[in-house]
Amino acid sequence: MRADRLLSLMLLLQQAKGRQLTAEDLARRLQVSARTIYRDLDALSSAGVPVYANRGPNGGIALLEGWQTSLTGLTQPEVQALSAVAAPGALADIGLSAALESGLIKLSAALPVVQRSAAEHARQRLHVDSSGWFQGREVVPHLDVLREGVWQDRKVWLAYRDFDGEASERVVDPYGLVIKADRWYLVAGTARGPSVFRGARVEGARLLDEGFARPEGLDLATCWKEWCQRFAERRASYVVTLRASEEGEAALRRVRPAGEHERWGQGSRGRDGTRTVTVDFERESIAVSQIIGLGRGVEVLEPAALRARLGAIAEDLRAVYRARGEARARASAGPGAADGALERCRWPDLSPRYATALRAAVEFVLERFEPLAIVAAGSIVRGCGDASSDLDLFVIHGAPYKQRLQRWFGDVPAEIFVNPPAAVREYWAAEHQSGRPSTAHMLATGFPVLGSPLLDELRAEAAAWLARRAALTPEQDIWERYSAATLLEDALDVVERNPVMASALLAEAVLAIVRYHLRALNGVLPRTKELFAELEKRDPEVAGSARRFFEATSLESRIAAAHAIADACIRARGFFAWESDRVPVAASRRSRA
């Protein structure tokens, strides 16, 4: 083995072509200590090889300039290792698989006859397959452009989308390509220093005419290793506290890296046989995907948001399978099953026209879907419908999709909203923030035609959301006022050259101001056709100005009324100075592969 190492050491120094290598570098490459390197150098020198060493910070080890050996024979293990090299998919991706094959053929032809048979012997006994199980290779549509940029040392324009979906464009210096676990990565220089881009996330690439100079001393393998270390240190963190039974902990071990297992065993089990453990899943999406399959043996204690999300998923699953069970029961019960559901329905007190339309709509829903609950809502059900009012039906079902339908039943228009429970709960916060809690209003104030315990829960939640005041945040308040004021200012800008456009902008500005005013007063926005009725109740003085605005016959009168409304509600008639809060931006996002 020492003879092999001495030969390898001599060839490394010869390949350096006079460049000095440190003992530490040679030791790392030959996987020995620096002391062993110095002993080997003494042995080479004794054998007549002109090797010398310079001391000092810029010193190193080198061969006498111009000297080289022609001794390049391969050992049997080296022949076996080279024979095991196939043409991996990675090289095929960049058009080098044929070159590798032909190179190996030439290398084999250059071997002595005895070693050629050894190479074939090894090839039939060792095969390397670097692909993973049950997953295809990532598609990297712009790999050819990246490859040319790397080979030619030319800058490349990239359109890139990172892990979080944030899109960006930039010009980079492509240093090299790396493949890890069948995934291509580009190591490149950027304005912030060396960075790494995952090949599959490159959405556009263009080779530029401008070249670049590679940093002196850049070693691709070292650069990649250092970046991987930094990436591991700054990776995302999402720590979850779990209560796990013995069965649950065993299931958790099957989906988590082995390095975490020992730490879990440090805590003692309680009387119920469970143990509290903490796991860093990196992201909520990973936590959900792994925990959801562990069953009842693992319970999330913290964070509360994850616990709530898993609870909602569990409820959706129960609804799906309950609905399918009910569907199978109806199927086995025969064609009269829908009639059975219809018999369980309750009906609001409506006029014959609307009662007939509602019954037809419910029959349609029972035939088309597998509802868990049905709520009739809207002004018709509340007894205050107008001539063109439509009937609203809110349908809760267990299938994982949502749908909106608009149909006529007789001469009555109807809107049908079909949603699973999770989608309904997603509407609560979004609609509350916008000041338009339409879903909560339909469920809380509607009539439960087909009830269920699930509907009772949702109606209670809807009532609780309606009871909350959706106050504007300070920044929302400024933005709503500013948007309305600039509409008013735009109208005044065009009043001379385009009076018709000015009148339209004035109307838009007044409506925006009234909406802001009612949102600030009520916390919620009424329907558009109820805006001025609500304004009469809440602020008769502003309502009077609004009436004068819309009844005015001259543009001057409309401008005067609009100014009065603006002064009373938003305290501005146009541009005003303001500044937003500072919003933190994650600086490390763009460096994520």
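If you're wondering where the values come from, they're calculated on a predicted model, not measured in any experiment.

Scoring rules and cut-offs
- Chains are numbered independently. Their residues run from 1 in the order of the written sequence.
- Predicted model: local features are reported for residues with pLDDT of at least 70 only, side-chain atom pairs are reported and counted for 80 or more only, and whole-chain, interface and lining totals are derived from all residues.
- Side-chain metrics rest on all non-hydrogen atoms present in the structure, leaving aside hydrogens and water.
- Within this scheme, the nonpolar core is defined by two criteria: the residues are buried Ala, Val, Leu, Ile, Met, Phe, Trp, Tyr or Cys, and they are joined through side-chain atoms within 4.5 Å.
- Relative accessibility thresholds used throughout: buried, under 20% of the residue-type maximum; exposed, over 50%; partly exposed, between the two (1.4 Å probe, protein chains only).
- Strands are runs of DSSP state E lasting at least 2 residues, helices are runs of H or I lasting at least 4, and numbering of each runs from the N terminus.
- In this description, contact between two residues means that some pair of their heavy atoms is separated by no more than 4.5 Å.
- Strands are treated as partners if at least two bridges between them are detected by DSSP.
- Simply put, an axis is a line fit to the C-alpha atoms, just over the touching stretch for a helix, and the angle between two N-to-C directions goes from 0 to 180 degrees.
- Should an angle fall under 35 degrees it is called roughly parallel, over 145 degrees roughly antiparallel, and 65 to 115 degrees roughly perpendicular, with every other angle called oblique.
- Note on definitions: salt bridges are taken to be side-chain nitrogens of Lys or Arg within 4 Å of carboxyl oxygens of Asp or Glu.
- For Phe, Tyr and Trp, where Trp contributes only its six-membered ring, two rings pair if their centres lie within 6.5 Å, and the inter-plane angle classes them as stacked under 30 degrees, edge-to-face over 60, or tilted in between.
- Using protein atoms alone on a 1 Å grid, points that fit a 1.4 Å probe yet trap it form a cavity, whereas open point sets bounded by protein on both sides within 12 Å along at least five of seven lines form a pocket; residues with an atom within 4 Å of a point count as lining.
- Grid points are joined across faces, edges and corners, and a volume is the space filled by probe spheres set on the points.
- Note on residue categories: nonpolar means Ala, Val, Leu, Ile, Met, Phe, Trp, Tyr, Cys or Pro, charged means Asp, Glu, Lys or Arg, and polar means any other residue, Gly included.

1. As for the nonpolar core
Phase 1: Membership of the largest hydrophobic core comes to 34 residues, with the highest contact counts inside it found for Leu506, Ile513, Leu535, Phe549, Ile565 and Ile570.
Phase 2: Breaking this core down by element, the ones donating at least two residues are helix H20 (474-493), helix H21 (499-522), helix H22 (531-538), helix H23 (540-551) and helix H24 (555-569).
Phase 3: Ranked by residue count, the leading element in this core is H21, at 10 residues.
Phase 4: In this structure Leu506 touches Leu488, Ala491, Phe549, Leu555, Arg558, Ile559 and Ala562, once residues within four positions along its chain are discounted.
Phase 5: Residues Leu350, Val412, Ala414 and Val418 belong to the second largest nonpolar core, which totals 28 residues.

2. A few points about the sheet that holds strand E8 (residues 239-244)
Phase 1: Here we have 3 strands laid out as an open sheet, ordered E9-E8-E10, and antiparallel in their pairing. The two strands at the open ends of the sheet, each matched to only one other strand, are strand E9 (275-280) and strand E10 (298-302). Averaged over all pairs of adjacent strands, the angle between their axes in this sheet comes to 35°, without regard to strand direction.
Phase 2: Direction of pairing for E8 relative to E9: antiparallel, over a ladder of 6 bridges. Looking across to E9, one finds that Val240 is bridged to Val279.
Phase 3: In the packing of helix H10 (residues 246-255) onto the sheet, contacts are made with E8, E9 and E10, and the angle to E8 comes to roughly 140°.

3. Details of the packing of helix H2 (residues 23-30) against helix H3 (residues 34-46)
Phase 1: At their nearest, the axes of H2 and H3 sit 8 Å apart, and the two run at 100° to each other. As the angle between them shows, H2 and H3 are arranged roughly perpendicular. Of the residues in H3, those in contact with Ala23, Leu26, Ala27 and Leu30 of H2 are Ala34, Ile37 and Tyr38.

4. Brief notes about the pattern of salt bridges
It is possible for side chains of opposite charge to pair when their charged atoms get near one another.
Phase 1: Scanning all chains against the criterion turns up 20 salt bridges.
Phase 2: The closest approach of N and O atoms between Arg147 and Asp144, which form a salt bridge, is 3.7 Å. Here Arg147 and its partner Asp144 are both found in helix H8 (residues 143-152), 3 residues apart, which amounts to about one turn of the helix.
Phase 3: The network of salt bridges with shared partners includes Asp144, Arg147 and Glu148.

5. Let's talk about the sheet that holds strand E12 (residues 391-397)
Phase 1: Within the open sheet, the 5 strands sit side by side as E13-E14-E12-E11-E15. Their pairing is mixed. Here the strands that pair on one side only, and so sit at the sheet edges, are strand E13 (403-409) and strand E15 (447-450). Between one strand axis and the next, the sheet turns by 25° as a mean value, whatever way the strands run.
Phase 2: Of the strand pairs in this sheet, strand E11 (residues 371-377) and E15 are connected by 3 bridges, and their pairing is antiparallel. Note on E15: the bridge partner recorded for Val375 is Pro448.

6. Quick word on the pairing of E12
Remark: a regular strand shows side chains that alternate across the two faces of the sheet.
Phase 1: Among the 7 residues of E12, 7 are classified as buried, and the element is accordingly described as predominantly covered.
Phase 2: Side chains of E12 alternate between two faces, with Leu391, Leu393, Val395 and His397 and Asp392, Phe394 and Ile396 buried alike.
Phase 3: Pairing geometry for E11 and E12, over 6 bridges, is antiparallel. Within E12, the residue paired with Ala376 across the bridge is Leu393.
Phase 4: Note that E12 and strand E14 (residues 412-419) share 6 bridges and pair parallel. Each residue of the ladder has a partner; that of Val395, found in E14, is Val418.

7. Side note on the packing of aromatic side chains
Phase 1: Evaluated as defined, the whole model comprises 14 aromatic pairs.
Phase 2: Where Trp224 meets Trp227, the ring centres are 5.7 Å apart and the plane angle is 25°; that geometry is what we call stacked. Here Trp227 and Trp224 lie together in helix H9 (residues 220-233), a separation of 3 residues that amounts to about one turn. Here Trp224 matches Trp227 in class, with each residue buried.
Phase 3: Ring pairing ties together the aromatic residues Trp479, Tyr482, Phe575, Phe576 and Trp578, which thus form one cluster.

8. Comments concerning the pairing of E14
Phase 1: A large share of E14 lies buried, amounting to 8 of its 8 residues.
Phase 2: Here 7 bridges tie E13 to E14, and the two strands are oriented antiparallel to one another. Its bridge partner being in E14, Arg404 is matched across the sheet by Phe417.
Phase 3: Linking E13 back to E14 in an antiparallel pair, the connection comprises 2 residues, with Gly410 at a positive phi of about 70°.

9. As for the layout of surface pockets
Phase 1: Here the largest pocket is characterised by a volume of approximately 830 Å³.
Phase 2: Forming the walls of the largest pocket are 29 residues, and the residues nearest its centre are Ser438, His441, Pro526, Arg527 and Glu530.
Phase 3: For the lining of the largest pocket, the secondary structure elements donating two or more residues are helix H16 (379-382), E14, helix H18 (438-445), H21 and H22.
Phase 4: Take the lining of the largest pocket: its biggest share by element is 4 residues, from H18.
Phase 5: Residue composition of the lining of the largest pocket, by class: 9 nonpolar, 9 polar and 11 charged.

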